[in-house]
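Listed below, chain by chain, are the residues.
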Amino acid sequence: MGIKSVARNRKAWHNYEVIEKVEAGLVLTGTEIKSIRDGKVNFKDSFAIVKNGEMWLMGFSISVYSHGNIWNHDEERARKLLLHKKEILKLYQKIKERGFTLTPLEIYLKDGRAKITIALVKGKALYDKREALKKKDQERDVRRMTERYR
């Protein structure tokens, strides 16, 4: 079946410097997978935390399935992430020591199962964000100029 990207957190690339990426599974209930397949997800204000040796995804919104019934899910509920214990401990120690944050970057379907890419990130300063935008604009201008002269 392969991999089908459902949604990406573009804001995370702008606001944070990505240090390390990890793939995790999601524990879903009822109609959540159907909403994910429809692309009804929202990354706004989402992050991951470690609680009691388990990793949880907070603030990640999966919209209610349109053809659902009384067993539809709660949009904003905390969702458990499936990772190996060693991976969780490694990420937890980095978060505690250096003040990093865990944020989701992308949700996708891999062989019919929902997976999410979680990243260990560090916040960018305002001048870093401006520098990144400036660089992106310059690259776009160069690309336009080269296309024009071809």
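Use the structure listed above.
Report follows, based on the coordinates. Throughout, a residue's number is its position along its own chain's written sequence, starting from 1. Per-residue local features of the predicted model are confined to residues with pLDDT of at least 70, and side-chain atom pairs are confined, for both listing and counting, to 80 or more; whole-chain, interface and lining totals are unaffected and use all residues. The side-chain figures draw on all heavy atoms in the structure; neither hydrogens nor water molecules are used.

**Some thoughts on unusual backbone geometry**
A negative phi holds for most residues other than glycine; trans holds for most peptide bonds.
(1) Moving on: Although it is not a glycine, Asn52 adopts a positive phi angle of roughly 55°.
(2) Moving on: Tracing the backbone shows Asn52 in the loop between strand 4 (47-51) and strand 5 (54-58).
(3) Moving on: The cut-offs for exposure are 20% and 50% of the maximum accessible area for each residue type, with area from a 1.4 Å probe on protein chains only; residues under the lower value are buried, those over the upper are exposed, and the others partly exposed. Judged by relative accessible area, which is 75%, Asn52 ranks as exposed.
(4) Moving on: Its identity is not glycine, yet Asp111 carries a phi of approximately 55°, on the positive side.
(5) Moving on: On the secondary structure map, Asp111 appears in the loop between strand 8 (101-110) and strand 9 (113-123). Each helix corresponds to a stretch of at least 4 residues labelled H or I by DSSP, and each strand to a stretch of at least 2 residues labelled E; elements are numbered beginning at the N terminus.

**Digging into the pattern of salt bridges**
(1) Moving on: Salt-bridge detection follows one rule: a side-chain nitrogen of Lys or Arg within 4 Å of a carboxyl oxygen of Asp or Glu. Counted by the stated rule, this structure contains 8 salt bridges.
(2) Moving on: Note that Arg8 and Glu106 form a salt bridge whose closest N and O atoms lie 3.4 Å from each other. Highlighted residues: Arg8 in strand 1 (residues 3-8) and Glu106 in strand 8, separated in sequence by 98 residues.
(3) Moving on: Overall, Arg8 belongs to the exposed group, its relative accessible area being 57%.
(4) Moving on: One salt bridge connects Glu32 with Arg77, and the closest N-O pair in it is separated by 2.9 Å. Of the two residues, Glu32 is situated in helix 2 (residues 32-37) and Arg77 in the loop between strand 6 (61-62) and strand 7 (79-82); the sequence distance between them amounts to 45 residues.
(5) Moving on: Assessed through its relative accessible area of 0%, Glu32 is described here as buried.
(6) Moving on: Look at the salt bridges and you will find they share partners, linking Glu20, Lys90 and Lys94 into a network.

**Comments concerning the environment of Gly25**
(1) Moving on: Take Gly25: it is sitting in strand 2 (residues 16-26).
(2) Moving on: On a C-alpha basis, the gap between Gly25 and Pro104 in space is 12 Å, while along the polypeptide they are 79 residues apart.

**Here's the deal with the nonpolar core**
(1) Moving on: Ranked by size, the top nonpolar core spans 25 residues in total, and within it Ile36, Met55, Phe60, Leu81, Ile107 and Ile116 carry the most contacts.
(2) Moving on: Mapped onto this core, the elements with two or more residues apiece are strand 1, strand 2, strand 5, helix 3 (85-98), strand 8 and strand 9.
(3) Moving on: If one sorts the elements of this core by residue count, strand 9 sits on top with 4 residues.
(4) Moving on: For Ile107, the residues in contact, after removing those within four places along its chain, are Ser5, Val6, Ala7, Leu26, Ile36, Val41, Phe43, Phe60, Lys115 and Ile116. Residues enter a nonpolar core if they are buried and are Ala, Val, Leu, Ile, Met, Phe, Trp, Tyr or Cys, with the set joined through side-chain atoms within 4.5 Å. Note on definitions: a residue-residue contact is assigned when non-hydrogen atoms from the two residues lie within 4.5 Å.

From the geometry alone we can't say anything about function, so treat these as descriptive.
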